[in-house]
Amino acid sequence: MVRVLKEPAIRRNEILDAAQRLLYRKGYEQMTIQDILDETHLSRGAFYHYFDSKQALLEGLIERTGEAGIQLIRPILTDPQLNALQKLQSYFDSAMRWKTTQKASLIPILRVWYSDDNTLMRQKELAAGKKIMVPLLTGVLQQGIAEGLLAMPYPEQMAEVLVALILGLSDALGELILAGQAGSADLMKVEATVAAYTYSIERVLGAAPSSLKLVDMETMKQWF
């Protein structure tokens, strides 16, 4: 059989693609290197040429996800034509639109994502997300203070608080969506959750009431 030689970046991404598929099917804890070898038809030596451990593979997945996310949000949060509130609103809108267009594939992923087998993956990806988001949001908050649209001390630390609230809302909605898929949808609780996080974020940032809309409820209803 003729061996197919591929560029290292292509081969590395093929391994990451296989790991991501297995992650969604089995969970990180249950996934083994042998599973990846079976999926990619690579030798163990070829795998270890790119990743020296399962942990390194996990870090590679997180790094790739973070790079994809930054490509989506950086143009929004650094757009010189937008004021700080417009940047934040555009970020929330873009995230919601992207997730809704991916709804059919995201719901099965959510079921695996919130399983105990993916606890480590969740923790590491959240930490990586904070590392990317905090510097970008710090700049937006500093801009908002200068524009008189936001009022808060310690913008860098408040950016960390903002990221924690955004991730908290994402987790809360993910669990409610899964409950809705299981037949116990509670749209009143969804609305109350969104309202509570919106209130908290506006107060934390010193923004005017109703100046931000984190989630469009009509769009949110499509998930149920």
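Thresholds applied
Residues numbered from 1 in each chain as written. Predicted model: local features only at pLDDT ≥ 70, side-chain atom pairs only at ≥ 80, totals over all residues. Heavy atoms only, no water. Helix = DSSP H or I, 4+ residues; strand = E, 2+ residues; numbered from the N terminus. Buried < 20%, exposed > 50% of the residue type's maximum accessible area, 1.4 Å probe, protein only. Contact = heavy atoms within 4.5 Å. Areas by Shrake-Rupley, 256 points an atom, 1.4 Å probe, with all protein chains shown as cover. Lys, Arg positive; Asp, Glu negative; His and termini not counted. Charge placed at Lys NZ, Arg CZ, Asp CG, Glu CD. Axes fitted to C-alpha atoms, helices over the stretch in contact; angles between N-to-C directions. Parallel < 35°, antiparallel > 145°, perpendicular 65-115°, else oblique. Left-handed = near helix turned anticlockwise from the far one by under 90°. Nonpolar A, V, L, I, M, F, W, Y, C, P; charged D, E, K, R; others polar. Phe/Tyr/Trp six-rings, centres within 6.5 Å; stacked < 30°, edge-to-face > 60°. pLDDT = per-residue confidence, 0-100. Salt bridge = Lys/Arg side-chain N within 4 Å of Asp/Glu carboxyl O. Expected span 1.5 Å × (residues − 1). Core = buried A, V, L, I, M, F, W, Y, C linked by side-chain atoms within 4.5 Å.

A.B. asks: So what exactly am I meant to see when it comes to the overall build of the protein here?
C.D. replies: Counting secondary structure elements, the protein contains 10 helices and 0 strands. Its helices and strands in sequence order give the protein the pattern α-α-α-α-α-α-α-α-α-α, from N to C terminus. When the backbone C-alpha atoms are referred to their principal axes, the protein occupies close to 65 × 40 × 25 Å. Of all 224 residues assigned to the protein, the portion counted as buried reaches 41%. Pairs at least 24 apart in sequence give 67% of the contacts found in the protein among residues at least 6 apart. For the protein, the computed accessible surface area is about 12,300 Å², with 55% contributed by carbon and sulfur atoms. Of note, the protein has its 24 positive side-chain charges centred 3 Å away from the centre of its 26 negative side-chain charges.

A.B. asks: Looking at this model, I keep getting lost on the environment of E29. Mind explaining?
C.D. replies: Note on placement: E29 falls in the loop between α1 (8–26) and α2 (33–40). For E29, a relative accessible area of 43% puts it in the partly exposed group. Between the alpha carbons of E29 and L169 there is a distance of 26 Å; along the sequence they are 140 residues apart.

A.B. asks: Before we go on, may I ask you to explain the packing of α1 against α2 in this structure?
C.D. replies: Between α1 and α2, the least distance of the axes is 9 Å, while the angle of their chain directions is 120°. Put simply, α1 runs oblique to α2. By crossing handedness, the relation of α1 to α2 is classed as right-handed. Side by side, α1 and α2 meet where E14, I15, A18, A19, R21, L22, R25 and K26 of the first sit next to D35, I36, E39 and T40 of the second. Counted by class, the contact of α1 with α2 contains 5 nonpolar, 1 polar and 6 charged residues.

A.B. asks: Please explain the packing of aromatic side chains as it appears in this structure.
C.D. replies: The relative placement of two aromatic rings is captured by the distance of their centres and the angle of their planes. Under the defined criterion, the tally for this structure stands at 3 aromatic pairs. With a centroid separation of 5.4 Å and 80° between ring planes, the pair formed by F47 and Y48 is classed as edge-to-face. Taking the relative accessible area as the measure of exposure, F47 reaches 1% and is therefore buried. The exposure class assigned to Y48 is partly exposed, which follows from its relative accessible area of 35%. The structure contains a cluster of three or more aromatic residues connected by ring pairs, namely F47, Y48 and F51.

A.B. asks: Which parts of the structure should I look at to understand α2?
C.D. replies: For an α-helix, 3.6 residues make a turn, and residues three or four places apart therefore share a direction. Among the residues of α2, those classed as buried are I33, D35, I36, L37 and T40. Residue H41 follows α2 closely and has a positive phi angle near 60°.

A.B. asks: Looking at this structure, how should I read the confidence of the model for the protein?
C.D. replies: Fine structural detail should not be taken from predicted coordinates in areas where pLDDT scores are low. When pLDDT is averaged along the protein, the result is 85, and 90% of the positions lie at 70 or above. For the protein, per-element mean pLDDT is lowest for helix α6 (residues 103–113), which scores 67, and highest for helix α9 (residues 187–205), which scores 94.

A.B. asks: How should the pattern of salt bridges be read in this particular structure?
C.D. replies: Oppositely charged side chains may form a pair once their charged atoms are brought near each other. Applying the stated rule across the entire model yields 6 salt bridges. Of the charged contacts in the structure, one is a salt bridge between R11 and E14, with a shortest N-O distance of 3.2 Å. In this pair, R11 and E14 both sit in helix α1, 3 residues apart, roughly one turn of the helix. Taking relative accessible area as the criterion, R11 reaches 15% and is therefore assigned buried. Assessed through its relative accessible area of 25%, E14 is described here as partly exposed. One salt-bridge network, held together by shared partners, links R21, R25 and E39.

A.B. asks: Sorry, what's going on with helix α5 (residues 84–101) here?
C.D. replies: If you check α5, its first and last C-alpha atoms are 26 Å apart, about what 18 residues at 1.5 Å a residue would give, namely 26 Å. Residues of α5 that are buried: A84, L85, K87, L88, Q89, Y91, F92, S94, M96 and T100.

A.B. asks: Any chance you could explain the nonpolar core here in plain terms?
C.D. replies: Where a protein is soluble and globular, its nonpolar side chains tend to be buried together. One finds L205 and M220 to be the most contacted residues of the largest nonpolar core, which totals 43 residues. Within the residue set of this core, elements represented by two or more residues are α4 (54–77), α5, α6, α7 (119–147), α8 (155–181), α9 and α10 (217–221). Sort the elements by how many residues they give to this core and α8 lands first, with 11 residues. Excluding anything up to four places from it in sequence, L205 contacts L88, L141, L150, A151, M152, L162 and L212. Of all hydrophobic cores here, the second largest spans 18 residues; its members include L16, F51, A56 and L61.

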